Amino acid sequence: MKLNIKNMVCSRCLKVLRQELEQLGIKVSSIELGVLVIDEMAGNHTEILAKIESVLHTNKFEIIHSPEEVLVEKIKHFLLRKIEEPPLDSTVNLSQILSTEFNHEYKSLSKLFSHFENTTLEKYFIKLKIEKVKQLIQLRQYTFSEIGHLLDYSSVNHLSRQFKEITGESMTEYKNAELANRRPYDEIS
């Protein structure tokens, strides 16, 4: 049984789901971001699915039923992979990358994404970038200019303005704060 899952955004998600499902006696054939494959099992199919859904809901995941929602999740996973592999390529814009990757016009992808996520693709990607900026600031391995370059900002001023707009604080204030206020990628909307 193959299930498409919403909000799976990290390797920890995969590990937790596998462990919890196997503790219930449900054999996981394979698991990757957004996709769970369960070995066919003897027993009541409805009861097994109810157990799976219970584990998913406990961990803030849900089964995706429509092909449109599956596409939106694939877009989110694609953008997450882009963020995790800086530097970003400034020679091609986001709309071209997504159109090529998903073989759809950007306008239709954007409309679909906005419908299911209640935000635009651009705003979602900016929020992902800002969370990545927070991570890079916490590492203290890069200057603000280097972070801006890695994430394809035209200037450190552009990055600074966007960071303050999204977080409400400057990058320096964030860097000097006692507690880092980062959001998990699956809570970004």
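All values derive from a computational prediction rather than experimental measurement. (Residues numbered from 1 in each chain as written. Predicted model: local features only at pLDDT ≥ 70, side-chain atom pairs only at ≥ 80, totals over all residues. Heavy atoms only, no water.)

J.: I'm lost on the sheet that holds strand β4 (residues 62–64) in this one. Help?
T.: Hydrogen bonding along the main chain pairs the strands of a sheet, whether they run parallel or antiparallel. The strand order β2-β3-β1-β4 describes an open sheet built from four strands, whose pairing is antiparallel. Of all the strands in the sheet, the pair left with one neighbour each is β2 (28–32) and β4. Going across the sheet, the axis of each strand differs from the next one's by a mean of 35°, ignoring polarity. As defined by bridge partners, strand β1 (residues 2–6) adjoins strand β3 (residues 35–38) across three bridges and the pair is classed as antiparallel. When the bridges of β3 are listed, Asn4 appears paired with Val35. Across the sheet, helix α2 (residues 45–58) is in contact with β1, β3 and β4; its angle to β4 comes to roughly 115°. (Pairing = 2+ DSSP bridges. Helix = DSSP H or I, 4+ residues; strand = E, 2+ residues; numbered from the N terminus. Axes fitted to C-alpha atoms, helices over the stretch in contact; angles between N-to-C directions. Contact = heavy atoms within 4.5 Å.)

J.: Help me understand the environment of Phe116 in this model?
T.: The residue Phe116 is located in helix α5 (residues 106–117) in this model. Spatially, the C-alpha atom of Phe116 lies 7.5 Å from that of Val72, the residues being 44 residues apart in sequence. With residues near it in sequence (within four places) discarded, Phe116 still touches Lys6, Ser66, Glu68, Glu69 and Val72.

J.: Help me out: how do you make sense of the domain arrangement of the protein in this one?
T.: Put simply, an interface is often sized by how much accessible area is lost when its parts join up. Here the protein is partitioned into domain 1 (2–65) and domain 2 (68–187). The straight-line distance from the C-alpha centre of domain 1 to that of domain 2 is 28 Å. Across the domain 1/domain 2 interface, buried area totals approximately 890 Å², and carbon plus sulfur atoms make up 58% of it. Of all residues in domain 1, Lys6, Val9 and Ile64 give up the largest surface area on contact with domain 2, accounting jointly for 53% of the area buried on that side. At the junction of domain 1 and domain 2, the tally comes to one salt bridge. The shortest N-O distance in the salt bridge between Lys6 and Glu117 comes to 3.6 Å. Inspection of the region where domain 1 meets domain 2 yields two residue pairs in polar contact (both at pLDDT 80 or more). Ranked by residues supplied to the side of domain 1 that touches domain 2, first place goes to β1 with three residues. Class assignment of the residues belonging to the side of domain 1 that touches domain 2 gives a composition of five nonpolar, four polar and one charged. (Domains from an automatic or database assignment. Buried area = accessible area lost by both parts, 1.4 Å probe. Salt bridge = Lys/Arg side-chain N within 4 Å of Asp/Glu carboxyl O. Polar contact = N/O pair within 3.5 Å; in protein donor to acceptor, adjacent residues only side chain to side chain. Nonpolar A, V, L, I, M, F, W, Y, C, P; charged D, E, K, R; others polar.)

J.: How should I be thinking about the packing of helix α3 (residues 67–84) against α5 in this particular structure?
T.: When two helices pack together, their arrangement is given by the angle between the helix axes and by the axis-to-axis distance. The contact between α3 and α5 brings their axes to 10 Å, and the two run at 100°. Between α3 and α5, the angle falls in the class roughly perpendicular. For the pair α3 and α5, contact is made by Glu68, Glu69, Leu71, Val72, Glu73, Ile75 and Lys76 and by Leu109, Leu112, Phe113, Phe116 and Glu117, respectively. Among the residues making up the contact of α3 with α5, the classes are represented as seven nonpolar, no polar and five charged. (Parallel < 35°, antiparallel > 145°, perpendicular 65-115°, else oblique.)

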